[in-house]
Amino acid sequence: MTKYLEIGQIVNTFGIKGMVKVVPFTDDIKRFDKLKNIYISNKNEKKEYEIENVKYQKQMVLLKFKG
């Protein structure tokens, strides 16, 4: 059985370039710089996405996915 760790929750979109705003579940948000791929869970389905860009705005993380 594969176990996953929740790193945050997508709460909204951001801007016109396809970024999403994430509330991080960690005390050090700079950990998002080390991520290359993440899985997004939607109901019972998990889909893998490759991270193209990471930015920070106050206590939120802004992620852009490839594609």
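As shown above, the structure is provided for reference.
As the structure is a computational prediction, the values presented were derived from the model and not from experiment. (Residues numbered from 1 in each chain as written. Predicted model: local features only at pLDDT ≥ 70, side-chain atom pairs only at ≥ 80, totals over all residues. Heavy atoms only, no water.)

Student: Looking at this structure, how should I read the packing of aromatic side chains?
Tutor: Pairs of aromatic rings are described using the distance from one ring centre to the other and the angle between the two planes. Going through the model one piece at a time under the given rule, you end up with 2 aromatic pairs. Their ring planes at 35° and their centres at 5.3 Å tell us that Y49 and F65 sit as a pair that is tilted. Of the two residues, Y49 is situated in strand β4 (residues 45-57) and F65 in strand β5 (residues 60-65); the sequence distance between them amounts to 16 residues. Judged by relative accessible area, F65 falls into the buried class, the value being 14%. (Phe/Tyr/Trp six-rings, centres within 6.5 Å; stacked < 30°, edge-to-face > 60°. Helix = DSSP H or I, 4+ residues; strand = E, 2+ residues; numbered from the N terminus. Buried < 20%, exposed > 50% of the residue type's maximum accessible area, 1.4 Å probe, protein only.)

Student: Would you mind showing me how to read the pairing of β5 here?
Tutor: A regular strand places its side chains so that they alternate between the two faces of the sheet. Pairing geometry for strand β2 (residues 19-24) and β5, over 4 bridges, is antiparallel. If you follow M19 over to β5, its bridge partner there is K64. Where β4 meets β5, 6 bridges bridge the pair, whose relative direction is antiparallel. Paired with N53 across the strands is K64, a residue of β5. A loop of 2 residues connects β4 with β5, the two strands running antiparallel in sequence, and K58 in this loop sits at a positive phi of about 55°. (Pairing = 2+ DSSP bridges.)

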